[in-house]
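What follows is the residue order along each chain.
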Number of protein chains: 2
Amino acid sequence: MGKPPATARRAGSTITDVAARAQVSLSTVSRVMNGSTSVDPALAERVREAALSLGYSASPLARSLVLGKTQTLAVVVPDLGNPTFQGALRGLSEGASRESYHVLIADSHEQIDEERVLAIEARRRCDGIVLCAPRMPDDELAELLPLLAPVVLINRDPSSSAAASVAADYRSGLTQLLQHLHSLGHHELLYLAGNEKAASNRDRLSAIADFQATHDETRIEVAPCGVGFAEGYAAAETVVASRTTAVLAFNDLVAMGLLSALTERGIRVPEDVSVAGFDDIPFARYTTPPLTTATVPVEELGQQAWQRIWALLNGRAPAYNLSFGPLVVPRGSTGPAPHRPA
Amino acid sequence: MGKPPATARRAGSTITDVAARAQVSLSTVSRVMNGSTSVDPALAERVREAALSLGYSASPLARSLVLGKTQTLAVVVPDLGNPTFQGALRGLSEGASRESYHVLIADSHEQIDEERVLAIEARRRCDGIVLCAPRMPDDELAELLPLLAPVVLINRDPSSSAAASVAADYRSGLTQLLQHLHSLGHHELLYLAGNEKAASNRDRLSAIADFQATHDETRIEVAPCGVGFAEGYAAAETVVASRTTAVLAFNDLVAMGLLSALTERGIRVPEDVSVAGFDDIPFARYTTPPLTTATVPVEELGQQAWQRIWALLNGRAPAYNLSFGPLVVPRGSTGPAPHRPA
DNA sequence: ACACGGTCAGAAAACGCTTTCTGCTAGAAT
DNA sequence: ATTCTAGCAGAAAGCGTTTTCTGACCGTGT
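Residues numbered from 1 in each chain as written. Chains lettered and ligands numbered in written order. Predicted model: local features only at pLDDT ≥ 70, side-chain atom pairs only at ≥ 80, totals over all residues.

(A) Here's a closer look at the overall build of chain A. The secondary structure content of chain A amounts to 13 helices and 12 strands. Relative to its length of 342 residues, chain A is extended, with a C-alpha radius of gyration of 27 Å against a globular reference of 20 Å. With the C-alpha coordinates of chain A rotated into their principal frame, the extents come out at 100 × 40 × 30 Å. Here chain A, with 342 residues, has 50% of them falling under the buried criterion. Counting contacts in chain A only where the partners sit at least 6 residues apart, residues at least 24 apart contribute 69% of the total. (Helix = DSSP H or I, 4+ residues; strand = E, 2+ residues; numbered from the N terminus. Rg over C-alpha atoms; globule rule 2.2 N^0.38 Å. Buried ≥ 20, exposed ≤ 12 C-beta atoms within 10 Å, placed from the backbone. Contact = placed C-beta atoms within 7 Å.)

Structure representation (structure tokens):
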């Protein structure tokens, strides 16, 4: 009767407690808990009972330390507020949880100079890392990768180094969007650019340059803009001034901001000007008019990233690097070019 | 010359390696790395040098084990795709990173029966936990809380138990929205309900009941709907059939879906019917027409949650439980009630 | 000159586990 | 009946740290 309390205590019961209660050694408890072969059924039962009544479960920390694996994956994103990364994170987290892996998330809040240390720090507490660093300079990235392995890149071409990666092909996506607008008769286009340093922006610019090179009749203007609603909204001015007939927004957010500003000014979309976004975020379908855009299956991007890191974690070779070719989704915000009286 | 490699190796250097290289004991290395008082400057320098050349940094795992703290915080959300939780997560993550805390995120994917074990599992790898579980039954929550401490609740009234919490006051928000519409002359309202079990939905219903009780002249219909675009879109049918003059959508997503469907049918907002959302997600400002809604400062919710868990982690008492009173943001989607020929 | 106290470095214990190694017991084989 | 072997439980080492404890050395005070 004067024995230690029978009820499970706050947080604390350790393997030693269980061993004591079941009158066996630590080793035996460990074996039972890990379903090891060959331990006397009677003992095993006693141990399980003791564990249960003490509410015991092994400390993940101690376990990780000795096993050398944490069952945790790090994910670095530049901005949790960005639908693209949210989607990728979702896909990733789903895959991870299915394998009972945990996800440590590090938001660099666009502080690209801190990304390096953030990634390293996060990586140290995990078994692997998935990195989204669209604006990290190529050389810094290359130098960082070896320290991070196993690592999977999202939306970054691992140029030199042979890292695993999954990405959306922004180049191809924009090319298709250009063709879409071109086929509608637009020859005066405006591209509202995102962040100069971002790889995804460079890809788009490259697509524009190529298109321009083979289409003399078309003029594509480029205006710096940004990546959010507000910037898109503010760009209405530029759009009007440019007297172009179609606008390629850096992404759907920008497009939506722009759409809103144009509507306010009484400029009709697509009758007066066509607007195309990029990404096909869930909202795009529900704008007025619904937004023409290029799909980027962000959630699948995350899933594929998980698949690759999972392979890596198990010592297998990851699947081939993947590049999703976005598809144009023609919706109401783009239409035939208006006949403009010069 | 025949010494061990001087360059930093992959991942592996341990404190022992550093000690060996610096010709001192482990204890000394540890002291130096932790900026401990009183260690001979010469030795200290030698240690630092060794650590640097080996690329050493202490294993967070081992450190956590002995220190009894992981520098990590768990966050459980029901759905990473939901802007509300995204915002809260952002706010939280920002605060955490400022204190160089890490964030482990667990997405229950709306599997409310797994939330319990998910939370416990996550909690075990962390120093504390922030829980968003809008649909977990009260009794289960109450039973869970003691196992999770220190814990902060988001959007849950900790009824009996005295847990720290931050929440949006959905009741008050909806009341204000009702008043807003009432003052515009609407007497035939329709509420598109969210998930039956969700606390935030119950709060709204309660607000409706109260309002109804004091406003005989007003009829408020309730229709089950959902929490996403698609459900809002699909609800257009119901809205039209109800012949009400104003719709209170469960949230902005539903409102946007509805808006889109109404526009497609040529129903004018707000001339024919007023639509109000809830949450004031960033998109709400940019719909056509801009969406009247009630602000819920989700990011601040996250920040405040961080403040409280941080206090708890430091053995201080958390600030008083917080309830944000949403503010109505009147925008273009609500207007005077139309004169309807009976 | 000797005892005493104060610095500071190393030895060792502890954190909570897993796993190898050791040793005991009992059953089988000769 | 005796030895070999298999089977299973406990002892102990090890994971990489921090921190307490121990002990050496040096300076000071009498």
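(B) Fine view of the sheet that holds strand S9 (residues 274-276) of chain B. Residue and element names in this part refer to chain B. On the basis of which strands lie adjacent, the open sheet formed by four strands has the order S7-S6-S8-S9 and parallel pairing. Strands at the two margins of the open sheet, each flanked by one partner only, are strand S7 (219-224) and S9. Along the sheet, successive strands turn relative to each other by an average axial angle of 20 degrees, direction set aside. Here strand S6 (residues 188-193) pairs with S7 via six bridges, running parallel. Looking at the pairing, Leu189 lines up with Ile220 of S7. (Pairing = 2+ DSSP bridges. Axes fitted to C-alpha atoms, helices over the stretch in contact; angles between N-to-C directions.)

(C) Expanded view of the sheet that holds strand S3 (residues 128-131) of chain A. Ordered by their spatial adjacency, 12 strands build an open sheet running S11(A)-S5(A)-S4(A)-S3(A)-S1(A)-S2(A)-S2(B)-S1(B)-S3(B)-S4(B)-S5(B)-S11(B), and the pairing between neighbours is mixed. Edge positions in the sheet fall to strand S11 (322-324) of chain A together with strand S11 (322-324) of chain B, since each has one partner strand and no second. Each strand axis lies, on average, 20 degrees off the axis of its neighbour in the sheet, ignoring direction. Note: strand S5 (residues 164-168) of chain A against S11(A), three bridges, orientation parallel. Bridged to Ala167(A) within S11(A) is Ser323(A).

(D) Focus on the protein's contact with DNA strand D. DNA strand D sits among 26 residues. The nearest are Ser38(A), Asp40(A), Ile15(B), Ser30(B) and Ala62(B). Classifying every residue of the surface near DNA strand D by side-chain character gives 14 nonpolar, nine polar and three charged. (Near = placed C-beta within 6 Å. Nonpolar A, V, L, I, M, F, W, Y, C, P; charged D, E, K, R; others polar.)

(E) Molecular detail of the relation of the copies chain B and chain A. When chain B is fitted to chain A, the best match, at an RMSD of 0.0 Å, comes from turning it 180 degrees and sliding it 0.0 Å along the axis. The superposition operator between the copies reduces to a two-fold rotation axis. The position closest to the rotation axis in chain B is occupied by the C-alpha of Leu104(B), lying 2.2 Å away. (Least-squares fit on C-alpha atoms with pLDDT ≥ 70 in both.)

(F) Quick peek at the interface of chain B and chain A. At the junction of the two partners, chain B supplies 32 residues and chain A supplies 31 residues. The element best represented in the side of chain B that touches chain A is helix H5 (residues 83-98) of chain B, accounting for six residues. Class assignment of the residues belonging to the side of chain B that touches chain A gives a composition of 15 nonpolar, 12 polar and five charged. Bridging between strand S2 (residues 102-107) of chain A and strand S2 (residues 102-107) of chain B involves three bridges; their strand directions are antiparallel. Its bridge partner being in S2(B), Val103(A) is matched across the sheet by Ile105(B).

(G) Seen up close, the nonpolar core. Among the nonpolar cores identified, the biggest contains 184 residues, and Val76(A), Leu258(A), Val76(B) and Leu258(B) are the most heavily contacted of them. Those residues in contact with Val76(A), other than ones at most four positions away along the chain, are Ala106(A), Ser108(A), Glu115(A), Leu118(A), Ala119(A), Ala122(A), Ile129(A), Leu131(A), Cys132(A) and Ala133(A). (Core = buried A, V, L, I, M, F, W, Y, C linked by C-beta atoms within 7 Å.)

(H) Geometry of the packing of helix H2 (residues 26-33) of chain B against helix H3 (residues 41-54) of chain B. All names here are of chain B. With their axes 10 Å apart at the nearest point, H2 and H3 run at an angle of 85 degrees to one another. Taken together, the axis directions place H2 and H3 in an arrangement best described as roughly perpendicular. Between H2 and H3, the contacting residues are Thr28, Val29, Val32 and Met33 on the first element and Leu43, Ala44, Val47, Arg48 and Ala51 on the second. Partitioning the contact of H2 with H3 into residue classes produces seven nonpolar, one polar and one charged. (Parallel < 35°, antiparallel > 145°, perpendicular 65-115°, else oblique.)

(I) Spatial organisation of the confidence of the model for chain A. Within chain A, residue pLDDT values average 91, and 95% of them lie at 70 or more. Between the elements of chain A, mean pLDDT differs from a low of 90, seen in helix H7 (residues 138-148) of chain A, to a high of 97, seen in strand S9 (residues 274-276) of chain A. (pLDDT = per-residue confidence, 0-100.)

(J) Focus on the packing of helix H1 (residues 15-22) of chain B against H2(B). Residues and elements named next belong to chain B. Where H1 contacts H2, the two axes come as close as 8 Å, and the packing angle between them is 105 degrees. With respect to H2, the axis of H1 lies roughly perpendicular. Where H1 approaches H2, its residues Ile15, Thr16, Val18, Ala19 and Ala22 are matched on the opposing element by Leu26, Val29 and Ser30. A breakdown of the residues in the contact of H1 with H2 according to their chemical character gives six nonpolar, two polar and no charged.

(K) The protein's contact with DNA strand C, seen in detail. Residues in close proximity to DNA strand C total 26 residues, the closest being Ile15(A), Ser30(A), Ala62(A), Ser38(B) and Asp40(B). Elements with a contribution of two residues or more to the surface near DNA strand C: helix H2 (26-33) and helix H4 (60-67) of chain A together with H2 and helix H4 (60-67) of chain B. For the surface near DNA strand C, the class distribution of residues is 14 nonpolar, nine polar and three charged.

(L) Fine view of the environment of Tyr191(B). Residues and elements named next belong to chain B. Within the element layout of this structure, Tyr191 appears in strand S6. On the basis of neighbour counts, which here come to 26 C-beta atoms within 10 Å, the residue Tyr191 falls in the buried class. In this structure the C-alpha to C-alpha distance between Tyr191 and Glu299, which are 108 residues apart in sequence, comes to 26 Å. Beyond its immediate chain neighbours, meaning those up to four positions away, Tyr191 contacts Ile208, Ile220, Glu221, Val222 and Leu248.

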